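Letter by letter, the chains look like this.
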Amino acid sequence: MPTTRAQEAAEKGNLRTHQPADHQKEAAAKPASKTKNPSSTRKSAAGKKGPQVKETSPTVGEKREPEAEEKQEETMEPPAKKTKTEDEPRENEEQINGIEAGAEADADKENAPAKRHPAQSMYQAGTIERGHIYFFYRPKVELEEVHSLDDVQRFYMLLVPRPPQFAAPPESSTQADGDDENQEMNLIESGADAVPAAEPKGQTKKRFRLLVIGKKGLPDPDAGGGGKGGGRKQVFWATVATVSDDLKKLEEGLGPKKYQTKTRGERSQAAARLAARGAYAIVNNEAARTPSQRETHFGYHLSHPDDEHFGEVQETLGIHKASSFVLQVKNPLAPPSGPGQVGLPQNRRADYPEEVLEGVFGKGGARGRESYGLRFASVERRELLDYEGAELLFIAARSGEEGLETSLGEGRGHALEEAEKEESKETMDEVMKELAMNDGKIPADPLEGEWA
């Protein structure tokens, strides 16, 4: 049947209207694989690689959401890209595990206890040492007698550490019950930790330190108030010359000497003289919360000479009946200080281990502004004094029994006072036997208060 132009146009129009519909269906079906529908993609991904997604924390999931969606989109691609999608879960798992491990490490750091300052483990509070103290002076070369301070060449301080009196074994094994009760009472008496046990007589093996005093005399604690308008406190240097446990070595060192010189031939030097004897205690303040607040107090009380024989020798050498000082130890890495460049040469200084240099002085910037740390530090452990070449700074604090008690605190000064009153009953011969010395070699005449 013949068709008109209008009918042909109508048929062509119907054909066009049907074709786009089919193409629209295909187009609608085809882009559906790339539609970013979070709920549908998570569901399909969970079915395919659920273990990896379940292990991901919410925080990690939020940070990695765009990347996860891209991976999920790629899993919907044709099989030609399947090789890539098989490797992706492994990479994704490694990345997630890496982030989780980092998060766990951060949590461990936050929950871990705060690191203690190295010096905190070094510090010992309270009485760190007690013992007996002896002062000696030596005449100048070729002088057999001393008549004044001008005739003195060296001034020594001898420290013999001892356990506390209450911890020492009894002198007799047959003690009465009452003595045992007194021993227990000593444990709770105020200041008992500062009282040294009695010195055994005639023993040649004892731990000791011999200090050489820089000035020929101790500073006067009463000179200069140290406070506002009171002037600066006097100080003196001391060097640990000998650390040993052989008293025979000590007697030889302090005894008479003869030596040869190129210009004057043989020279002789008389033996040192014992000028005073007593008990000492070294106490670190217990209220220090920071390293900068720490202070070491060194105090002593004499037993010999007694008040009757206390004379010119002791007064000239600056030895008080009771006195106290603030004690500091110098960093061997610090350069000499002061206008006179005070200090030992490098090869004679104390050889402290690294743990002391870092923990006490703060080497490496832990404390102070310099790379070597602090120039001076308190005696945080008594072992700091057991190195030959250790340089000590004594800052005069207080004199007298009350001054001693104020410095040491908690009844320690009064306890030393009572103990030395009792030990003052010993004769000079007994005092020399404490050091296993022959009084013929080491004169003790100055204990009478007169130069010798």
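Right, let's walk through the structure included here. What you see is a predicted model, and the numbers here were worked out from it, not measured in a lab.

**Considering the pattern of salt bridges**
For the coordinates displayed, the defined rule picks out 21 salt bridges. A salt bridge links R209 to E129; the nearest nitrogen and oxygen atoms lie 2.6 Å apart. Remark: E129 occurs in strand β1 (residues 126–139) and R209 occurs in strand β3 (residues 205–213); sequence separation between them is 80 residues. As far as burial versus exposure is concerned, R209 and E129 are alike and both buried. With a closest N to O distance of 3.6 Å, R381 and E383 form a salt bridge. In this structure, a network of salt bridges that share partners links the residues E129, R209, R382 and D386.

**Remarks on helix α7 (residues 247–254)**
Restricting attention to buried positions, one finds in α7 the residues L247, L250, E251 and L254. An end-on view of α7 places all buried positions within 100° of arc, on one side of the element. Its buried side turned inward, α7 meets β1, β2 (152–162), β3, β4 (235–246) and α12 (428–434). N-cap assignment for α7: the residue whose side-chain oxygen lies 3.1 Å from the backbone N of K248 is D246.

**Side note on the pairing of strand β6 (residues 265–269)**
Strand direction decides the pairing type here: strand β5 (residues 257–261) and β6, joined by 5 bridges, are antiparallel. For T261, the partnering residue across the bridge sits in β6 and is G265. Linking β5 to β6, which pair antiparallel, is a turn of 3 residues.

**Some details on the environment of G400**
Inspection of the secondary structure assignment puts G400 in helix α10 (residues 400–408). C-alpha of G400 to C-alpha of A322: the two residues are 78 residues apart in sequence and 4.8 Å apart in space.

**Here's the deal with unusual backbone geometry**
Note the cis peptide between H304 and P305, where omega equals -5°. Tracing the chain through its elements places P305 in the loop between β8 (296–304) and α8 (312–316). At E142, a position not held by glycine, the phi torsion is positive, near 70°. You can see E142 is positioned in the loop between β1 and β2. The phi dihedral of E410 is positive, around 55°, even though this residue is not glycine. Summarising the element assignment, E410 is placed in the loop between α10 and α11 (412–423). Judged by its relative accessible area of 53%, E410 falls in the exposed class.

What counts, and at which threshold
- Residues numbered from 1 in each chain as written.
- Predicted model: local features only at pLDDT ≥ 70, side-chain atom pairs only at ≥ 80, totals over all residues.
- Heavy atoms only, no water.
- Salt bridge = Lys/Arg side-chain N within 4 Å of Asp/Glu carboxyl O.
- Helix = DSSP H or I, 4+ residues; strand = E, 2+ residues; numbered from the N terminus.
- Buried < 20%, exposed > 50% of the residue type's maximum accessible area, 1.4 Å probe, protein only.
- Arc of directions from axis to C-beta.
- Contact = heavy atoms within 4.5 Å.
- Polar contact = N/O pair within 3.5 Å; in protein donor to acceptor, adjacent residues only side chain to side chain.
- Pairing = 2+ DSSP bridges.

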